[in-house]
Amino acid sequence: MNVRIEASWGNILKEEFDKPYFVELTDFVRSEYKSRTIYPPAKLIFNAFDRCPFDQVKVVIIGQDPYHGPGQAHGLCFSVNDGVEFPPSLSNIFKELELSTGKAIPASGNLTNWAEQGVLLLNATLTVRAHQAGSHQNKGWETFTDAAIQALAEEKSNLVFMLWGAYAQKKGAYIDTNKHLVLKSVHPSPLSAHRGFIGNKHFVTANNYLKAHHKNELIW
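Quick look at the structure, then.

What counts, and where the lines are drawn
Residues numbered from 1 in each chain as written. Predicted model: local features only at pLDDT ≥ 70, side-chain atom pairs only at ≥ 80, totals over all residues. Heavy atoms only, no water. Helix = DSSP H or I, 4+ residues; strand = E, 2+ residues; numbered from the N terminus. Rg over C-alpha atoms; globule rule 2.2 N^0.38 Å. Buried < 20%, exposed > 50% of the residue type's maximum accessible area, 1.4 Å probe, protein only. Contact = heavy atoms within 4.5 Å. Areas by Shrake-Rupley, 256 points an atom, 1.4 Å probe, with all protein chains shown as cover. Axes fitted to C-alpha atoms, helices over the stretch in contact; angles between N-to-C directions. Parallel < 35°, antiparallel > 145°, perpendicular 65-115°, else oblique. Left-handed = near helix turned anticlockwise from the far one by under 90°. Nonpolar A, V, L, I, M, F, W, Y, C, P; charged D, E, K, R; others polar.

Attention now goes to the overall build of the protein. Per the secondary structure count, the protein includes 9 helices and 6 strands. Scaling as 2.2 N^0.38, a compact globule of 220 residues should have a C-alpha radius of gyration of about 17 Å, and the protein matches this with 17 Å. In terms of principal-axis extent, the alpha carbons of the protein reach across some 45 × 35 × 25 Å. Here the protein holds 220 residues, and the buried ones make up 54% of them. Here the analysis covers contacts within the protein between residues at least 6 apart in sequence; of these, 66% occur between residues at least 24 apart. Here the protein displays about 10400 Å² of accessible surface, and carbon together with sulfur accounts for 49% of that area.

Cis rather than trans, the peptide bond between Y39 and P40 has omega equal to -5°. As for its placement among the helices and strands, P40 is situated in the loop between β1 (38-39) and α4 (47-51). Residue H214 is not a glycine yet carries a positive backbone phi of 60°. Relative to the helices and strands, H214 resides in the segment after α9 (202-212).

Pairs of packed helices are described in terms of their axes, by the angle between the two and the distance that separates them. Between helix α3 (residues 20-35) and helix α7 (residues 141-155), the least distance of the axes is 9 Å, while the angle of their chain directions is 125°. For the element pair α3 / α7, the angle class is oblique. Remark: the crossing between α3 and α7 carries left-handed chirality. In this structure, α3 contributes Y21, F22, L25 and V29 to the contact, and α7 contributes W141, T143 and F144. Residue composition of the contact of α3 with α7, by class: 6 nonpolar, 1 polar and no charged.

Have a look at this one:
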């Protein structure tokens, strides 16, 4: 099957594309885009991979679903397009960043600059129906993104995995903590952020770890 995805990821994940689950997933997603409003735009489904090639990944942040409001999702978890109001979780991410690093909250919620520095901003599910959170869960995306995370965990070393909330922690439960830095906290959503996300210092800890392993620190 011909999947338009960045070349290094295409090579790493090529065996997934011909598996029955992925063929069924592709048929489902194509039919959804033809008949409904689906986010992100089809050309941005694999944006997280396209912006952050396999050999450049340094940090992995795992989200759950794309945003399901107009103009928000562009294929990077927690990120929104320029000019779009910050969703609550993203606001809390920026609050923690300001608290721990002193960096002013940016004008835009577009995290493409993180991705291009080596942050894989990966949602477990890569598509969603407009205004219907979770509508494309359990269709096969989770299997595909599990394969991506497993490839990173097994084939690379000294990555930083940021697992925010129970869902992300379950998805990354098998990652070898002797080989990678696994940072866990509650989710940045308003329901939980003040019970341990704000003040977790994950961005600082990640940079300290990268520096200790002779990798360029991130400009968050």
